[in-house]
Amino acid sequence: MKKNPMFWVVFAAIAALVLIYGCSWIPMEIDTQMNAIAYENKGTENLSETGITVEGKIYRPLFHAAFFRGSVKIQGMEDQIAPVQNIVFDRQGEQEKGKMQSPEGEDIGTIEMTGNFENIRIELDETQTILAPVGL
């Protein structure tokens with residue numbers, strides 16, 4: 001019994017799509033710590049050093065917005081930020097932007113990142129900005 005050649009064409013096309021796009025739904029583990037600078041948006045004279053720890057998984061489903069499920073901890077602000085974050089990112093060029101929540105579930109600010117949390121910018125209530133890694 002001879003197989004239809006169209007079967008092999010369709011099979012090869014599906015295999016190619018799976019190889020190229022199929023891995024985008026697999027979550028990527030994030031576990032990073034970096035030094036950061038915090039300052040009030042009124043001026044940069046109130047600079048202070050802090051640290052950011054990001055632990056969790058980032059999901060990048062095909063044809064959907066990326067989302068992060070895990071924790072974002074800012075040294076000295078642990079009580080202001082929810083211990084578990086579910087952040088849906090909106091892509092804006094190279095950057096992705098999402099909202100952070102308080103322990104009560106209220107939006108307290110935005111988080112911007114490039115890559116998989118290689119560069120982070122957090123704005124809390126439009127009063128304070130945190131940049132990481134230091135040097136940005």
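What you see is a predicted model, and the numbers here were worked out from it, not measured in a lab. (Residues numbered from 1 in each chain as written. Predicted model: local features only at pLDDT ≥ 70, side-chain atom pairs only at ≥ 80, totals over all residues. Heavy atoms only, no water.)

Student: How would you summarise the sheet that holds strand E2 (residues 48–59) if you had to cite specific residues and measurements?
Tutor: Strands belonging to one sheet form pairs held by backbone hydrogen bonds; the direction of such a pair is parallel or antiparallel. Taken in spatial order, the nine strands of this open sheet run E4-E3-E2-E1-E9-E8-E7-E6-E5, and their pairing is antiparallel. What marks the edges here is a single partner per strand, and that holds for strand E4 (85–88) and strand E5 (90–92). Going across the sheet, the axis of each strand differs from the next one's by a mean of 30°, ignoring polarity. Bridge analysis of strand E1 (residues 28–40) against E2 gives 11 bridges, and the strand direction is antiparallel. By the bridge assignment, Ala38 is partnered in E2 with Ser48. (Pairing = 2+ DSSP bridges. Helix = DSSP H or I, 4+ residues; strand = E, 2+ residues; numbered from the N terminus. Axes fitted to C-alpha atoms, helices over the stretch in contact; angles between N-to-C directions.)

Student: Explain unusual backbone geometry to me, and be specific about the residues and the numbers.
Tutor: Along the chain, Ala132 connects to Pro133 via a cis peptide bond; the corresponding omega equals -5°. In this fold, Pro133 is placed in the segment after strand E9 (128–132). Phi at Phe117 takes a positive value of approximately 70°, unusual for a residue other than glycine. With respect to the helices and strands, the residue Phe117 is situated in the loop between strand E7 (107–114) and strand E8 (119–124).

Student: Just give me the short version of the environment of Lys73, but keep the residues and values in it.
Tutor: By the secondary structure assignment, Lys73 is in strand E3 (residues 67–74). Residue classification places Lys73 among the partly exposed positions, given a relative accessible area of 41%. For the pair Lys73 and Gln33, spaced 40 residues apart in sequence, the C-alpha separation works out to 9.4 Å. Not counting residues up to four positions away in its chain, the partners in contact with Lys73 are Gly51, Ile52, Thr53 and Glu55. (Buried < 20%, exposed > 50% of the residue type's maximum accessible area, 1.4 Å probe, protein only. Contact = heavy atoms within 4.5 Å.)

Student: Give me the lowdown on the pattern of salt bridges, citing residues and values where you can.
Tutor: Going through the model one piece at a time under the given rule, you end up with four salt bridges. Arg60 serves as the salt-bridge partner of Glu96, at 3.0 Å between the closest nitrogen and oxygen. Placement of Glu96 in strand E6 (residues 95–101) and of Arg60 in the loop between E2 and E3 is noted, with a sequence separation of 36 residues between them. Since its relative accessible area comes to 3%, Glu96 is described here as buried. Classification of Arg60 as partly exposed rests on a relative accessible area of 25%. The residue Glu112 makes a salt bridge to Lys97 at a minimum N-O spacing of 3.9 Å. Separated by 15 residues along the polypeptide, Glu112 in strand E7 and Lys97 in strand E6 bring together distant segments of the chain. (Salt bridge = Lys/Arg side-chain N within 4 Å of Asp/Glu carboxyl O.)

Just distances and angles here, no functional claims.
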